[in-house]
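Inside the fold
Residue strings, one per chain:
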Amino acid sequence: MADSRRSPRSPRRSGLAGIAASVAVTAACAGAASSGQAPVVVQQPPARFGYRVVNVYPHDANAFTQGLLFQGGVLYESTGQNGQSSLRRVDLTTGKVLAKRDLAEQYFGEGLAAWQDQLIQLTWRAGRGFVYDRDTFAPMREFSYTGEGWGLASDGRRLILSDGSSRLRFLDPATFAETGTLGVRDTGVPVRDLNELEVMNGEILANVWHTDRIARIDPASGAVTGWIDLAGLLKPGEVTNGEAVLNGIAWDAEGGRLFVTGKLWPKLFEIAIEPR
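Residues numbered from 1 in each chain as written. Predicted model: local features only at pLDDT ≥ 70, side-chain atom pairs only at ≥ 80, totals over all residues. Heavy atoms only, no water.

Turning our attention to the overall build of the protein chain. Within the protein chain, the regular secondary structure consists of one helix and 24 strands. Per-residue burial for the protein chain yields a buried fraction of 52% across its 276 residues. Per element, the accessible surface of the protein chain, about 12,000 Å² overall, is 50% carbon and sulfur. (Helix = DSSP H or I, 4+ residues; strand = E, 2+ residues; numbered from the N terminus. Buried < 20%, exposed > 50% of the residue type's maximum accessible area, 1.4 Å probe, protein only. Areas by Shrake-Rupley, 256 points an atom, 1.4 Å probe, with all protein chains shown as cover.)

This is the structure:
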């Protein structure tokens, strides 16, 4: 089924340790020193990365994946579409859904993050978020936020929310109050349609909606330090729905594994990022 969000008036939705990308260099314009002008900060072009498939696992081809999370050796997933949205615990190797909590029909499930012993799930346009016990999926509390909810991640200190724009928002995980924002740019150009989020070794990963690209983002400056091109993960014909796009990133911090999948994809991939 096509993504119900795509309408003329709605926005278009579209690291690894040891790989360092230089974010910016400071260059003074000619005569700047003598004229007293401030130095000009010039961002270097982002590095380019490909991938190597390490493992392939089954994935529920009916799951409209909006958020993916690997925490404590367990894979969790948030799925979307009104009347089909859910929170899931999934067996990585078989793709079997081990536990599931459905959202009420009026909610369109979105991003998912872990905080302490809790799971936090966004909704798209309802302005409501849900907090669950991580083990039992029992509802613990609800919270509200302004604007749309797309992706959600945690860096261990705060929550990071995307809303389809080029701006990331930081939330206090205890109160859900907004504590700051971060504009994301590629050599000065705003990167819109930031969607599913993950934090890997201190950097922010963001899938760009309706593309096969993941941006590697410096959390201090918002500069895109690299692009990961995941084109070709699925073979032609494995998905036919135009909304079956890349939209799931999960980092296993303990095992050093990176998992990706997409909406309505029949497979989930463990990949290794490789420089080009």
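This part takes up the sheet that holds strand β22 (residues 246–252). Spatial strand order, β18-β19-β20-β21-β3-β24-β23-β22: eight strands in an open sheet with mixed pairing. Strands at the two margins of the open sheet, each flanked by one partner only, are β18 (194–200) and β22. With direction set aside, neighbouring strand axes in the sheet form an average angle of 30 degrees. (Pairing = 2+ DSSP bridges. Axes fitted to C-alpha atoms, helices over the stretch in contact; angles between N-to-C directions.)

Further remarks concern unusual backbone geometry. We note that Phe137 has phi near 65 degrees; this positive angle belongs to a residue other than glycine. Examined against the element boundaries, Phe137 turns out to sit in the loop between β10 (128–133) and β11 (139–144). Phi is positive for Phe176, which is not a glycine, with a value near 65 degrees. As for its placement among the helices and strands, Phe176 is situated in the loop between β14 (167–171) and β15 (178–183). Judged by relative accessible area, Phe176 falls into the buried class, the value being 5%.

Looking at the element boundaries, Asn82 is found in the loop between β5 (74–79) and β6 (86–90). Taking relative accessible area as the criterion, Asn82 reaches 38% and is therefore assigned partly exposed. Sequence spacing of Asn82 and Ala104 is 22 residues, and the spatial spacing of their C-alpha atoms is 8.1 Å. For Asn82, the side chain forms a polar contact with the main-chain oxygen of Glu105, separated by 3.2 Å. (Polar contact = N/O pair within 3.5 Å; in protein donor to acceptor, adjacent residues only side chain to side chain.)

Attention now moves to the pattern of salt bridges. Applying the stated criterion across every chain, the model contains 14 salt bridges. The residue Arg125 makes a salt bridge to Glu148 at a minimum N-O spacing of 3.1 Å. Taken together, the residues Arg125 in the loop between β9 (118–123) and β10 and Glu148 in the loop between β11 and β12 (152–154) connect sequence positions 23 residues apart. With a relative accessible area of 46%, Arg125 lands in the partly exposed category. Of the residues examined, Glu148 reaches a relative accessible area of 15% and is grouped as buried. One continuous salt-bridge network, built from bridges that share partners, spans Asp163, Arg167, Arg169 and Glu178. (Salt bridge = Lys/Arg side-chain N within 4 Å of Asp/Glu carboxyl O.)

Reading across from one edge, β4-β5-β6-β7 is the order of the four strands in this open sheet, with antiparallel pairing throughout. Edge positions in the sheet fall to β4 (65–71) and β7 (97–102), since each has one partner strand and no second. Here the average twist between neighbouring strands, direction ignored, is 15 degrees.

The analysis is restricted to geometry; functional conclusions fall outside its scope.
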